[in-house]
Amino acid sequence: MDKLIHESEQPENALRKTLGPVSLTALGIGAVIGSGIFTVIGTAIGGNPSQTVSVAKSPIIDLVVGLLHGHLGAVAGRPGAGPALVLSLLLVATVCALTGLCYAELASMIPIAGSAYTYTYATLGELIAWIIGWDLILEYAFSNMSVSVGFAAHVVDLLDWLGVPMAPKWLSPAYLPLGLQDLAGKDIFAPGWHFGFDIPAFIIVLLLTVVLVRGIRESARTNNIMVLIKIAAILLFVSFGLSFIHTSNYVPFSPNGFTGILAGGSIIFFTYIGFDSVSTASEECKNPRRDVPVGIIATLVICTILYMGVAAVLTGMVPWQSVAGDGAPVVTALKRLSLTPGGHRLHWVRLAVLIGALVGMVSSILVFQLGQARVWFAMSRDRLLPDIFSKLHPKFRTPAFATWVAGILVAIPSGLFDVGSFAEMSNIGTLFAFVLVSIGVIVLRYKDPARHRGFRVPFGPVIPVLSTLFCILLMAGLPAITWIRFFVWLVIGLFVYFFYSRKRSEFYEG
């Protein structure tokens, strides 16, 4: 651990230390709020319905419970939480509080870029660190892809509000598992593939890549402004939406029972990757031992309150089934109600929320791309990836090559696939990372109990153990096909490690 910290402080590797607790908290809120509250909340509420029963698309917990009762337990698609998403968010907040405390302890001890990757490198060894680093690449990439698709859906809404003619095939993903319908329910595209490409999703990723290459200080200042704008938009939506709530929409409150609540929590969980984003920037903090724990806990408290408010109002305004598969559920709900008697005043509210949502998603993409490039930077500095990924720009002192590669690899798939598929893949990566961070706290308490900790998780190993168990429970709420894809990705990663990275490692003995 001392070696890692020493190497990070060498002039040729050192990143600029410009961030304080306010900027760190804003980074966390920027990731958590923009990624889920305007986009993924729809698929968490409505689920990913299917006409046929499928083992591959059934949550793991359904399959396990079914086997315990003597049958397979497969269901038709991933169930939605419905109005009970507020309970899903309470579950998620509990898990995030436990995991956030674990992150805070490790970040206060190991203030180095790389977050969960660096923590496992220092506590569990190189092989486990490679696995989590490989996982984080998947996690950040799919998170940003889902947010980029949501951004494009909001651009479509903005063009609609302005009355600008649109060509849907260039404003929606090429693959739409539920198809694309207008407000009257008429099909624009049938389910499956169509000829097209989501151009706004592609462009926004590349534009923000340019911003990140220019430097963290400029990125953080921009993010702070965007966070204030989107919080204002959320408060505007909640305040106006309260008067359009129909209590009948809350019945049934939990249409799919605990399975739906768990599945909703599993989907929305990835948005709390904001914790990870705070800790990935710890090497660029002025006082990381104090600022990182403050940033993590403040992010959790603020975001949970905002999420629950939006979920309660949204499910009260429109039937929960209507938001399934929608990349812009909040503004779509405002559009539906603005066309009803007495809803004319929502016309301008919709525009304000649209602008706030677009700004919010821009800040999310900014933070996720920053996090992904920093993980690649850290892995390259440890010689597990080619050296060029840790090469800093001579003027801006940012990992420019890693940032550009991350941008291109995210931009292209964002034009092709839908938000639901991306969210599921990102979630299993997030939860797996959180499991290893929690285990890392326990291991380090045993291996290095005397080391100074700027922040210490209370109650001994109880909280890290509970964090691990709850994360595994939420992973069980994801479809079987997501687990299969995840393991395939890990197998590919292990192949790369044993045939390339391991031989470059400083610990390799030939």
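Just so we're clear, the structure is a prediction, and the values are computed from it rather than from any experiment.

(A) Region of interest: the overall build of the protein. A count of helical and extended segments in the protein gives 17 helices and six strands. Expressed as a percentage of the 510 residues in the protein, the buried residues total 60%. Of the accessible surface of the protein, which amounts to about 18,800 Å², a share of 70% is contributed by carbon and sulfur atoms.

(B) Structural view of the packing of aromatic side chains. Applying the stated rule across the entire model yields 11 aromatic pairs. Residues Trp483 and Phe487 carry aromatic rings whose centres are separated by 6.0 Å and whose planes lie at 45 degrees to one another, so their mutual orientation is tilted. On the criterion of helical spacing, the pair formed by Trp483 and Phe487 is a turn pair, its members being four residues apart in helix H17 (residues 480–504). Each ring, one from Phe495 and one from Phe499, has its centre 4.7 Å from the other, and the planes form 35 degrees; the classification is tilted. Here Phe499 and Phe495 lie together in helix H17, a separation of four residues that amounts to about one turn. Summarising the burial analysis for this pair, Phe495 and Phe499 share the class exposed. Put simply, the rings of Trp130, Trp134, Trp489, Tyr497 and Phe498 pair up and form one aromatic cluster.

(C) Focus on helix H16 (residues 462–475). The terminal C-alpha atoms of H16, which comprises 14 residues, lie 20 Å apart, in line with the 20 Å expected from a rise of 1.5 Å per residue. Ile463, Pro464, Ser467, Thr468, Cys471, Leu474 and Met475 are the residues of H16 that are buried. Angularly, the buried residues of H16 cover 140 degrees about the axis, an arc narrow enough to put them on a single face.

(D) Summary view of the pattern of salt bridges. For the coordinates displayed, the defined rule picks out four salt bridges. Across the pair Asp157 and Arg350 runs a salt bridge whose closest N-O atoms are separated by 3.5 Å. Note that Asp157 is positioned in helix H6 (residues 126–162) and Arg350 in helix H13 (residues 346–381), a separation of 193 residues in sequence. Both residues of the pair, Asp157 and Arg350, belong to the buried class. Notably, a salt bridge pairs Asp160 with Lys335, separated by 2.8 Å at the nearest N-O pair. With Asp160 in helix H6 and Lys335 in helix H12 (residues 329–338), this pair connects stretches of sequence that are 175 residues apart.

(E) Molecular detail of H12. The buried fraction of H12 is high, at nine of 10 residues. Those residues of H12 that fall on the buried side of the exposure criterion are Pro329, Val330, Val331, Thr332, Ala333, Leu334, Lys335, Leu337 and Ser338.

(F) Seen up close, the packing of H6 against H13. Here H6 crosses H13 at 160 degrees, and the two axes come no closer than 9 Å. By the angle between their directions, the pair H6 and H13 is classed as roughly antiparallel. Crossing handedness for the pair H6 and H13: left-handed. A per-class count over the contact of H6 with H13 returns 23 nonpolar, 11 polar and three charged.

What counts, and at which threshold
Residues numbered from 1 in each chain as written. Predicted model: local features only at pLDDT ≥ 70, side-chain atom pairs only at ≥ 80, totals over all residues. Heavy atoms only, no water. Helix = DSSP H or I, 4+ residues; strand = E, 2+ residues; numbered from the N terminus. Buried < 20%, exposed > 50% of the residue type's maximum accessible area, 1.4 Å probe, protein only. Areas by Shrake-Rupley, 256 points an atom, 1.4 Å probe, with all protein chains shown as cover. Phe/Tyr/Trp six-rings, centres within 6.5 Å; stacked < 30°, edge-to-face > 60°. Expected span 1.5 Å × (residues − 1). Arc of directions from axis to C-beta. Salt bridge = Lys/Arg side-chain N within 4 Å of Asp/Glu carboxyl O. Axes fitted to C-alpha atoms, helices over the stretch in contact; angles between N-to-C directions. Parallel < 35°, antiparallel > 145°, perpendicular 65-115°, else oblique. Left-handed = near helix turned anticlockwise from the far one by under 90°. Nonpolar A, V, L, I, M, F, W, Y, C, P; charged D, E, K, R; others polar.

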